[in-house]
Amino acid sequence: MKNMVKIISLLLCLMMAFGFAVGCRRDNSDDQKVNKSKTQLYVKYYNGGFGDEWLNQLCAEFEEMYADAHFEEGKTGVQIMKEFTRGQLTGPNDMKGKPINVYLMENIDYYTYVAGGTMLDLTDVVNDFAVTGKDTKETDKKIVNKIIDSYDEFLNVSGKYYALPLFETSINLNYDIDMFEQRGLYFAEGKTAEDFTEADFANESKISALFVNDADDARANGPDGKPTTSDDGLPATYKDFRALTIYMKITGVTPFVWNGYETGYLTGLINDMWANNEGAEQMKLNFTFDGVANTLVELDGNGKVVKNADGTIKLARETDIDESKKNLLQLQKGKLDALEFAKLLLDDGLGNKNSTNYYSKSFDSGFSNINAQNYFLDPDGNNIDPIGFLVDGGWWYNEAKVSNDRNIGILPLPKTDANQIGKPNTKVSDRSSFIFVNNETSTAVQPVAKAFVSFLQSDYAMETYTKYTNTFRAMKYDLSKKTLDTMSAYGKSVYATRNSDDTTVLPWTPISQVARKNASLLSYRTYGFSVNTQENNPLIYFKDHANATAVSYFEAIWNYRK
Amino acid sequence: MTGQKLNAASAVKKKMSKKRGMLFYVTMIAFPLLQFVLFYVIVNFNSVLMAFQNYDNSTGKEVITFSWDNIAYFFSADVVVDLWLCIKNSLMYLALNIFVVMPISLLFSYYVFKKFHMAKLFKVIMYLPSIVCSTAMVIFYKYYINDALSGLFGGSVIGPIFNAYQQGVIIVFYLLMSFSGNILLYINAMCQTPESVIEAANIDGANEGRIFLNVVVPQIWGTIVSLIVIFFAWLATNQAYLFTFYGFNANREYQTIGYYLFNMIQDGRFTGAALEQNYRKASALGLMLTLIVAPVTILVRNLMLKYGPKED
């Protein structure tokens with residue numbers, strides 16, 4: 001008996017050890033040894049979904065460029081010491097007493113770090129041309145002129161700059177272009193569901209008639225309203241979007257998948273839709289609390305949404321917004337419309353047993369972003385139906401190591417109705433990522449740190465970033481034809497969205513002093529959709545409140561925020 | 001003269017011995033005192049201060065002012081509703097610890113202590129969850145419930161949306177994890193019971209139930225009181241593995257005070273100035289909870305020691 005107990009105990013221990021061994025991942029980062037004959041520049045990078053290939057290349061090139069430079073007595077050349085991990089900074093104090101010189105991080109609240117006095121003043125770097133070599137600089141545009149206007153507005157603290165934007169990214173609806181072609185999921189020329197009744201949506205043949213029969217058939221104009229552009233055949237309005245989800249299921253496609261652990265992705269997507277509905281000018285009021293609001297929904301004395309005689313939502317008169325009236329922005333019509341969109345992600349509204357629009361594990365806490373990416377890319381391997389859209393951030397493509405022969409695109413968000421088609425697009429970038437230098441960097445190393453930061457702002461360095469990550473730095477720069485030709489379909493899709501004249505990207509960050517005073521209110525996870533002090537995500541709210549409509553949810557938000 | 005010398009020598013010896021005793025005492029007490037000062041007084045002094053601070057960096061400079069705003073925040077109607085939900089859940093876990101985990105752990109410990117059938121094997125099996133880190137256990141459990149048992153529950157149960165079974169499966173996990181740690185403590189305490197006392201009880205004809213209640217429980221009453229005190233003190237910090245299960249996204253219906261506090265100051269969920277403001281709100285809530293929980297805990301301890309069973 002004693003032996004039996006020992007054997008069973010040993011077996012259990014071995015099973016556990018096996019679990020640990022399988023679960024552990026080897027860290028392949030090279031141990032760098034300090035080369036005392038060179039000046040060391042310590043660089044910390046948040047190595048998330050975008051990976052570090054781009055930065056490794058640029059570091060190597062920078063070291064080569066400065067191989068014969070003298071920054072410290074008795075030393076020649078620069079050695080970059082890398083800390084490329086998933087480690088985040090918890091606040092300005094986290095920078096103190098650390099050897100790190102240059103940081104490339106995300107989730108940085110710029111003003112907290114500036115106020116904490118831990119960022120080195122980079123004004124001289126920003127007002128100069130970007131470094132391209134030890135003794136050479138760009139000659140075309142100074143770095144300050146490469147900063148996107150909406151970023152410049154808040155980076156400039158009384159004429160001083162302490163950081164430069166790193167990447168811009170939004171949460172997107174990503175789709176497989178090849179699958180869309182094969183299954184004919186594009187609207188045929190001249191077709192739209194805008195005039196559809198509820199009965200029409202329930203009629204399979206009417207729905208099917210909206211879509212192309214063959215991949216080569218002419219396609220309808222997309223949300224930009226223009227022919228022969230990259231969004232042709234894609235849903236232009238919410239009603240088209242609804243019809244597409246119904247048609248997807250007719251053709252055996254599950255419309256959406258997202259991960260069930262980090263529901264902030266969903267909040268990010270609905271924030272993006274809110275911004276797109278409002279437009280840049282009105283959306284920006286949320287980050288300044290200063291201006292004139294002209295899209296506020298009118299409420300009656302009981303806090304209920306007022307409708308016009310034709311059933312449309314009645315808008316209030318233009319209202320001046322200042323700190324005392326900031327809560328009125330919770331009544332923006334674009335947000336109400338975004339809630340309608342959130343409902344569409346869950347359900348096609350037909351009320352039948354097949355009306356669910358998302359993959360069944362999307363609200364499973366064990367279903368990670370990596371799982372969702374894998375199921376989207378390889379439905380056959382996972383023994384599931386193909387999936388139409390993956391909800392994920394711009395980093396996912398690099399994170400999932402998608403092969404370049406896959407044709408993945410980003411869906412331009414549909415407009416609320418036909419009247420909005422062709423109106424400018426607005427996106428929000430909510431990860432607050434920046435490049436900055438530690439104020440404790442020694443005087444001898446400061447010139448190297450500044451040169452490195454400057455080099456990262458060169459067109460060449462930013463193009464290298466895009467080449468590797470298929471996304472963009474949050475700066476103004478263009479890509480060479482050569483780079484564009486070698487980019488994946490996904491990268492081209494990001495490029496098309498970004499370079500579209502009518503797309504504005506707003507950083508989700510408090511811009512004015514008043515907004516900064518209310519920073520805790522402005523968290524992107526809680527600002528727009530909370531009905532209590534806990535976090536609320538629109539999709540989860542609708543799941544938890546089966547009878548809620550977009551209007552009732554909108555009223556509940558107002559009731560909490562008013 | 002010789003006698004006087006001897007007396008003097010003895011006095012010196014006594015003095016030396018006293019000095020050595022004092023030196024030993026100071027050496028022994030210095031470390032815990034230092035630890036208390038560093039990790040309790042200094043840390044909590046800052047926390048108490050923060051409870052009354054307002055943080056503002058909107059002008060580009062950190063400005064800290066003092067007010068009652070953070071305390072007042074938790075008395076606003078919206079916050080009270082959410083806190084009450086959390087308090088109810090925290091009280092439920094306290095009740096589970098006292099009325100489920102403790103009795104079953106005691107009974108099982110007694111089973112092992114008395115070396116009943118396969119006691120050693122059960123001891124190893126019950127203690128296993130304590131060896132494996134809770135994150136790994138949560139992952140196993142999530143897959144087990146959401147995949148292996150999905151047919152039984154009609155789909156995934158553990159997730160950010162409300163599910164009628166979810167609270168139940170989280171409680172089951174909590175109980176499984178709680179048993180293992182407690183059992184080891186009770187078995188150790190029971191082992192201090194003299195065998196002669198048990199034998200005497202056996203000779204007197206006491207059955208197992210009577211031995212357990214009238215001999216073993218009084219013997220380990222000190223341990224029981226200590227654990228109950230810990231359970232009460234834990235009331236405001238116990239997050240019941242919710243963060244491991246859900247990250248930031250535990251459904252509001254299942255949150256405990258511990259999770260609520262923890263989530264308030266999660267980096268990534270809030271950043272920068274928002275986080276700084278939340279640190280201060282969390283300090284205020286922590287201070288208020290301490291004012292409630294500390295006296296209750298001390299009262300419970302004193303009552304249990306006064307009215308609990310005595311070894312004699």
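Being a predicted model, the structure only gives us computed values, none of them experimental. (Residues numbered from 1 in each chain as written. Chains lettered and ligands numbered in written order. Predicted model: local features only at pLDDT ≥ 70, side-chain atom pairs only at ≥ 80, totals over all residues. Heavy atoms only, no water.)

## Quick word on the overall build of chain A
No. 1: Counting its secondary structure elements, chain A contains 21 helices and 17 strands.
No. 2: The globule rule puts the C-alpha radius of gyration for 562 residues at 24 Å, and the 26 Å found for chain A is close to it.
No. 3: When its C-alpha atoms are laid out on the principal axes, chain A stretches across 80 × 80 × 55 Å.
No. 4: Looking at chain A residue by residue over its 562 residues, the buried ones come to 59%. (Helix = DSSP H or I, 4+ residues; strand = E, 2+ residues; numbered from the N terminus. Rg over C-alpha atoms; globule rule 2.2 N^0.38 Å. Buried < 20%, exposed > 50% of the residue type's maximum accessible area, 1.4 Å probe, protein only.)

## What about helix H9 (residues 238-250) of chain A?
Residue pairs three or four apart in sequence face the same way in an α-helix, which turns once every 3.6 residues.
Residue and element names in this part refer to chain A.
No. 1: The terminal C-alpha atoms of H9, which comprises 13 residues, lie 19 Å apart, in line with the 18 Å expected from a rise of 1.5 Å per residue.
No. 2: The buried fraction of H9 amounts to 11 of the 13 residues, a majority that puts the element mostly inside the structure.
No. 3: Positive backbone phi, at 85 degrees, marks Gly252, one or two positions downstream of H9. (Expected span 1.5 Å × (residues − 1).)

## Brief notes about the packing of H9(A) against helix H12 (residues 333-346) of chain A
Residue and element names in this part refer to chain A.
No. 1: The geometry of H9 relative to H12 is characterised by a closest axis approach of 10 Å and an angle of 5 degrees between their N-to-C directions. Overall, the two elements H9 and H12 adopt an arrangement that is roughly parallel. Taking contact as the criterion, the partners of Tyr238, Phe241 and Arg242 in H9 are, on H12, Asp337, Ala338, Glu340, Phe341, Leu344 and Leu345.
No. 2: The residue makeup of the contact of H9 with H12, split by class, is six nonpolar, no polar and three charged. (Axes fitted to C-alpha atoms, helices over the stretch in contact; angles between N-to-C directions. Parallel < 35°, antiparallel > 145°, perpendicular 65-115°, else oblique. Contact = heavy atoms within 4.5 Å. Nonpolar A, V, L, I, M, F, W, Y, C, P; charged D, E, K, R; others polar.)

## Some thoughts on a positive patch on the surface
No. 1: Residues Lys6(A), Lys115(B), Lys120(B) and Lys123(B) make up a contiguous surface patch of positive charge.
No. 2: With respect to the secondary-structure elements, Lys123(B) resides in helix H4 (residues 119-131). (Patch = residues over 30% accessible without salt bridge, like charges linked within 9 Å, V, L, I, M, F, W, Y side chains within 5 Å. Areas by Shrake-Rupley, 256 points an atom, 1.4 Å probe, with all protein chains shown as cover. Salt bridge = Lys/Arg side-chain N within 4 Å of Asp/Glu carboxyl O. Lys, Arg positive; Asp, Glu negative; His and termini not counted. Charge placed at Lys NZ, Arg CZ, Asp CG, Glu CD.)

## Digging into the environment of Phe211(A)
No. 1: For Phe211(A), the position within the fold is in the loop between helix H8 (204-208) and H9.
No. 2: Sequence-wise, Phe211(A) and Arg183(A) are 28 residues apart; in three dimensions their C-alpha atoms are separated by 9.7 Å.

## Re the side chain of Thr256(B)
All names here are of chain B.
No. 1: For Thr256, the location among the structural elements is in the loop between helix H11 (242-246) and helix H12 (257-264).
No. 2: Residue Thr256 is classed as buried on the basis of its relative accessible area of 0%.
No. 3: Among the polar contacts made by the side chain of Thr256, one reaches the main-chain carbonyl oxygen of Asn238 at a distance of 2.9 Å.
No. 4: Those residues within four positions of Thr256 in sequence are excluded, and the remaining contacts are Cys86, Asn89, Ser90, Tyr93, Asn238, Gln239, Ala240 and Leu242. (Polar contact = N/O pair within 3.5 Å; in protein donor to acceptor, adjacent residues only side chain to side chain.)

## A few points about the packing of aromatic side chains
No. 1: One pass over the full model with this rule turns up 67 aromatic pairs over all chains.
No. 2: When the centroid spacing of 6.5 Å and the interplanar angle of 50 degrees are considered together, the rings of Phe243(B) and Phe248(B) count as tilted.
No. 3: Since its relative accessible area comes to 21%, Phe243(B) is described here as partly exposed.
No. 4: Taking relative accessible area as the criterion, Phe248(B) reaches 16% and is therefore assigned buried.
No. 5: An aromatic cluster of three or more residues is present, and its members are Tyr175(A), Phe180(A), Tyr186(A), Tyr238(A), Phe241(A), Phe256(A), Trp258(A), Phe341(A), Tyr358(A), Phe363(A) and Phe389(A).
No. 6: When the ring centre of Tyr186(A) is taken as origin, the NZ or CZ atom of Arg219(A), which lies over that ring, is 3.8 Å away.
No. 7: The ring of Phe201(A) is capped by Arg242(A), whose NZ or CZ atom sits 4.2 Å from the centre of that ring. (Phe/Tyr/Trp six-rings, centres within 6.5 Å; stacked < 30°, edge-to-face > 60°. Lys NZ or Arg CZ within 6 Å of the ring centre and 35° of its normal.)

## Structural notes on the domain arrangement of chain B
Residue and element names in this part refer to chain B.
No. 1: Split into domains, chain B comes out as domain 1 (3-69) and domain 2 (74-307).
No. 2: Once you take the C-alpha centre of each, domain 1 and domain 2 turn out to be 33 Å apart.
No. 3: Taken together, the contact between domain 1 and domain 2 spans 10 residues of the former and eight residues of the latter.
No. 4: For the pair domain 1 and domain 2, the two sides together bury roughly 760 Å², of which 66% comes from carbon and sulfur.
No. 5: Among the residues of domain 1 in contact with domain 2, Met50, Ala51 and Tyr55 are the three that bury the most area, contributing 63% of the side total.
No. 6: For the interface between domain 1 and domain 2, the tally reads zero salt bridges.
No. 7: Viewed at the interface, domain 2 and domain 1 are joined by two residue pairs in polar contact (both at pLDDT 80 or more). (Domains from an automatic or database assignment. Buried area = accessible area lost by both parts, 1.4 Å probe.)

## Some words on the environment of Ser37(A)
All names here are of chain A.
No. 1: For Ser37, the position within the fold is in the loop between helix H1 (2-23) and strand S1 (39-46).
No. 2: In this structure Ser37 comes out as partly exposed when scored by relative accessible area, which is 39%.
No. 3: Here Ser37 is in contact with Gly74, Lys75 and Thr76, once residues within four sequence places are set aside.
No. 4: Polar contacts involving the side chain of Ser37 include one to the side chain of Asn35, which spans 2.7 Å.

## Observations regarding the interface of chain B and chain A
The extent of an interface is frequently quoted as the accessible surface area lost upon association of the parts.
No. 1: Taken residue by residue, the interface counts 54 residues in chain B and 44 residues in chain A.
No. 2: With both chains or domains summed, chain B and chain A bury close to 4,000 Å², and 56% of this area falls on carbon and sulfur atoms.
No. 3: Applying the counting rule to chain B against chain A returns one salt bridge.
No. 4: Salt-bridge contacts for Lys361(A) lead to Asp147(B); the nearest nitrogen and oxygen are separated by 2.3 Å.
No. 5: Counting across the chain B and chain A interface gives 16 residue pairs in polar contact (both at pLDDT 80 or more).
No. 6: Every element with two or more residues in the side of chain B that touches chain A is listed here: strand S1 (53-56), helix H3 (77-113), H4, helix H5 (134-148), H11 and helix H13 (272-307) of chain B.
No. 7: Considering every element that reaches the side of chain B that touches chain A, the biggest residue donor is H13(B), with seven residues.
No. 8: Split into classes, the residues belonging to the side of chain B that touches chain A amount to 26 nonpolar, 15 polar and 13 charged.

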